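Descriptive structure summary
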Amino acid sequence: MSDNIKTTTPVQQNASVGSVAYALLQNMRPKQWAKNGFVFMAILFDQKLFDADWFLRVLATFALMCLTASAVYIVNDIVDVEKDRQHPKKKFRPIASRRLPVNVAIIAAIVFFVGAVLGSLLIDVKLTLVILGYIALHVGYSFIFKNIVIIDVFAIAGGFVLRVLAGAVVIEVAQFSPWLYMCAALLSLFLAVGKRRQEYILMGDKAETTRSILKEYNLNLINDMLRLTITTTAIAYTLYATEAETALISREYMLLTVPFVYYGLFRYLYLIYVKEHGGDPTEILFEDRNLQITIGLWGILLILLFYVV
C-alpha cells in the first residue's frame, strides 16, 4: 500500500502544478498582447521597420510590455475577484474561479513587474521610465481611476499612448508625427467607450455589481461619447494623412489609407450595435475576419507607400 502511495503522489502533485501554471498563463491573457502592437507604430511610420537593429529593440520592447501588461491583468483580477464572480463571463477567469491561488498570482505579478523593469534597463533607461509610468497608471486604475466616471476610459487610453511612446523611445525617431499619438489616444478612447457600452448592456440592472462605475453612465451618454470619439478619431487620422510633414510621401497617396481606417471604425460599430458582440476589442479582432483583412490591407498599403513608392 505504501508503495502505491509513493508512486501516485508525485503524479498528482505534477498535475496540480501543471494546472496552476496553465491557469497562470490564462490569467496573463496572451490574446490581449495584441494591444502591445502599438509599440511598432514609431518604427513603422518612421521608415525603420526593416532596420534589423532597431526592429530587434522594438521587438524586445514588445515582449517587455507584454510581461508588464500580464502583471497588470493579474493585479486587476485580484482586486476585482469578488465582482468578477458575479459576472457571467468573468467568473470563469482563473482567480475568480479559484483555479489560480491568490498567493501564487501575487508572486507572479511581482516577478513580472521586476523582470520587465530590469529588462528595460538593458535596452534604454527611457523605456524604464515609460514602463514605470505604465505600471503606475494601471495600478492606479485598478484601485482608483476605474471608479471615477469618464476618467476610467481616459486612463485606458493613456495606456495605449504609453505603448506608442515605449516603441518611440527605443529607436532614433526622426519623422514620427505627434498626430499619431493623438490618433492612438482617440482610437483607444473609442474602443474603451465601446467596451463600456457592451458591459452596460450585458449586465443590465446588475451592472453595478460587477463594475460599480457603470452606475454613473447611461446609454445616451455612452452613445454620445462613441459618436464623438469615432468622429475625432477619423478626423485626426485624415489630418495626419493630409497635413503631417512626417508622412514622408505625397499626400494624395497617403489618402489612400483613409478609407481602410473609416471602414474599420464603422465595422467595429456594426459589430457592437448590430451583432451585439461583447465589446472587447481584442476578442472582436480575433473573431471578425473582415476586420483582420482590413487591418492587414491597411498595413500592407502603408508598407508599400513608406518603403516602396
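Rules used in this analysis
Each chain carries its own residue numbering, running from 1 in the written order of its sequence. Residues qualify for local features only when their pLDDT is at least 70, as the model is predicted, and side-chain atom pairs are given and counted only at 80 or more; totals for whole chains, interfaces and linings, by contrast, use all residues. As a convention, hydrogens and water are excluded, and side-chain values are obtained from all of the structure's heavy atoms. Stacked, tilted and edge-to-face are the three classes applied to pairs of Phe, Tyr and Trp rings, where Trp contributes its six-membered ring and a pair requires centres within 6.5 Å; stacked means planes under 30 degrees apart, edge-to-face means over 60, and tilted covers the rest. Put simply, DSSP marks the helices as runs of H or I at least four residues long and the strands as runs of E at least two long, and each gets a number from the N terminus on. Each residue is assigned to one of three classes by its accessible area relative to the maximum for its type, calculated with a 1.4 Å probe on protein chains only: buried under 20%, partly exposed between the two thresholds, exposed over 50%. Residue types Ala, Val, Leu, Ile, Met, Phe, Trp, Tyr and Cys, when buried and joined through side-chain atoms within 4.5 Å, form a set referred to as a nonpolar core. Here, residues are in contact when the closest pair of their heavy atoms is within 4.5 Å. Throughout this description, a polar contact denotes any pair of N or O atoms lying within 3.5 Å of each other; where both atoms belong to protein, one of them has to be capable of donating a hydrogen while the other can accept it, and for residues adjacent in sequence the pair is counted only when both atoms sit in side chains. Here the expected span of a helix is defined as 1.5 Å times the quantity of residues minus one. Note: the arc covers the axis-to-C-beta directions of the helix. Here pLDDT means the predictor's own confidence in every residue, given as a number from 0 to 100. Note on geometry: axes are C-alpha line fits, over the in-contact stretch for helices, and angles between N-to-C directions span 0 to 180 degrees. Orientation categories follow fixed angle ranges, with anything under 35 degrees roughly parallel, anything over 145 roughly antiparallel, 65 to 115 roughly perpendicular, and all other angles oblique. Left-handed describes a crossing in which the near helix is turned anticlockwise from the far one by less than a right angle; the clockwise case is right-handed. Following the grouping adopted for this structure description, the nonpolar residues are Ala, Val, Leu, Ile, Met, Phe, Trp, Tyr, Cys and Pro, the charged ones are Asp, Glu, Lys and Arg, and the polar ones are all others, Gly among them. Salt bridge criterion: a side-chain nitrogen from Lys or Arg within 4 Å of a carboxyl oxygen from Asp or Glu.

It is worth spelling out the packing of aromatic side chains at this point. All chains considered together, the criterion is met by 10 aromatic pairs. Judged by centre distance (5.0 Å) and plane angle (75°), the rings of F38 and F160 are edge-to-face. Separated by 122 residues along the polypeptide, F38 in the loop between α1 (2–27) and α2 (41–45) and F160 in helix α7 (residues 151–169) bring together distant segments of the chain. What makes F38 buried here is its relative accessible area of 15%. Centre to centre, the rings of F45 and F306 are 5.5 Å apart; their planes meet at 70°, and the pair counts as edge-to-face.

Right, let's talk about the nonpolar core for a bit. One finds M41, F45, L127, F190, Y237 and M254 to be the most contacted residues of the largest nonpolar core, which totals 84 residues. When residues of this core are assigned to their parent elements, the largest contribution, 10 residues, is made by helix α3 (residues 52–79). With residues up to four places along the chain from it excluded, the contact list for L127 reads T61, L64, S120, A166, V169 and V170.

With respect to the helices and strands, R197 occurs in helix α8 (residues 178–203). Within the structure, the side chain of R197 is placed 2.8 Å from the side chain of Q198, a separation counted as a polar contact. Excluding anything up to four places from it in sequence, R197 contacts L219, I222, N223, L226, I272 and Y273.

Attention now goes to helix α5 (residues 102–121). If you check α5, its first and last C-alpha atoms are 29 Å apart, about what 20 residues at 1.5 Å a residue would give, namely 28 Å. Within α5, the full set of buried residues consists of A105, A108, A109, F112, F113, A116, V117, G119 and S120. In an axial view of α5, the angular spread of the buried residues amounts to 165°, which keeps them on one side of the axis. In α5, the exposed positions that point more than 90 degrees away from the buried face belong to N103, I107, I110 and L118.

For the rest of this paragraph, the subject is the environment of L24. Note that L24 resides in helix α1. Using a relative accessible area of 18% as the deciding quantity, one classes L24 as buried. In this structure, the C-alpha to C-alpha distance between L24 and I74, residues 50 residues apart in sequence, is 8.8 Å. Setting aside chain neighbours within four positions, we find L24 in contact with I74, L100 and A108.

Quick look at the confidence of the model for the protein chain now. When pLDDT drops low, the exact placement of atoms in the prediction is not to be read closely. Residues of the protein chain with pLDDT of at least 70 account for 89%, and the chain-wide mean is 88. Within the model, pLDDT remains below 50 along residues 1–15, and this stretch shows 0 contacts once partners closer than five positions in the same chain are excluded.

What follows deals with the packing of α3 against helix α6 (residues 125–143). Closest axis-to-axis distance for the α3/α6 pair is 10 Å, and the angle between their directions is 20°. By the angle between their axes, α3 is roughly parallel relative to α6. Handedness of the crossing formed by α3 with α6: right-handed. When α3 is examined against α6, the residues T61, L64, M65, T68, A69, V72, V75, N76 and V79 are found in contact with a partner set consisting of L127, I131, Y134, I135, H138, Y141, S142 and F143. Grouping the amino acids of the contact of α3 with α6 by side-chain chemistry returns 12 nonpolar, 5 polar and no charged.

Next up on the list: the pattern of salt bridges. Any two side chains of opposite charge can pair, given that their charged atoms come close. Under the definition given, this model contains 13 salt bridges. The salt bridge partner of R93 is D77, with a shortest N-O separation of 3.2 Å. Taken together, the residues R93 in the loop between α4 (81–84) and α5 and D77 in helix α3 connect sequence positions 16 residues apart. Taking the shortest distance from any N to any O, the salt bridge between D84 and R93 comes out at 3.7 Å. Using a relative accessible area of 22% as the deciding quantity, one classes R93 as partly exposed. Here the residues in one salt-bridge network are R29, D77, D84 and R93, joined through shared partners.

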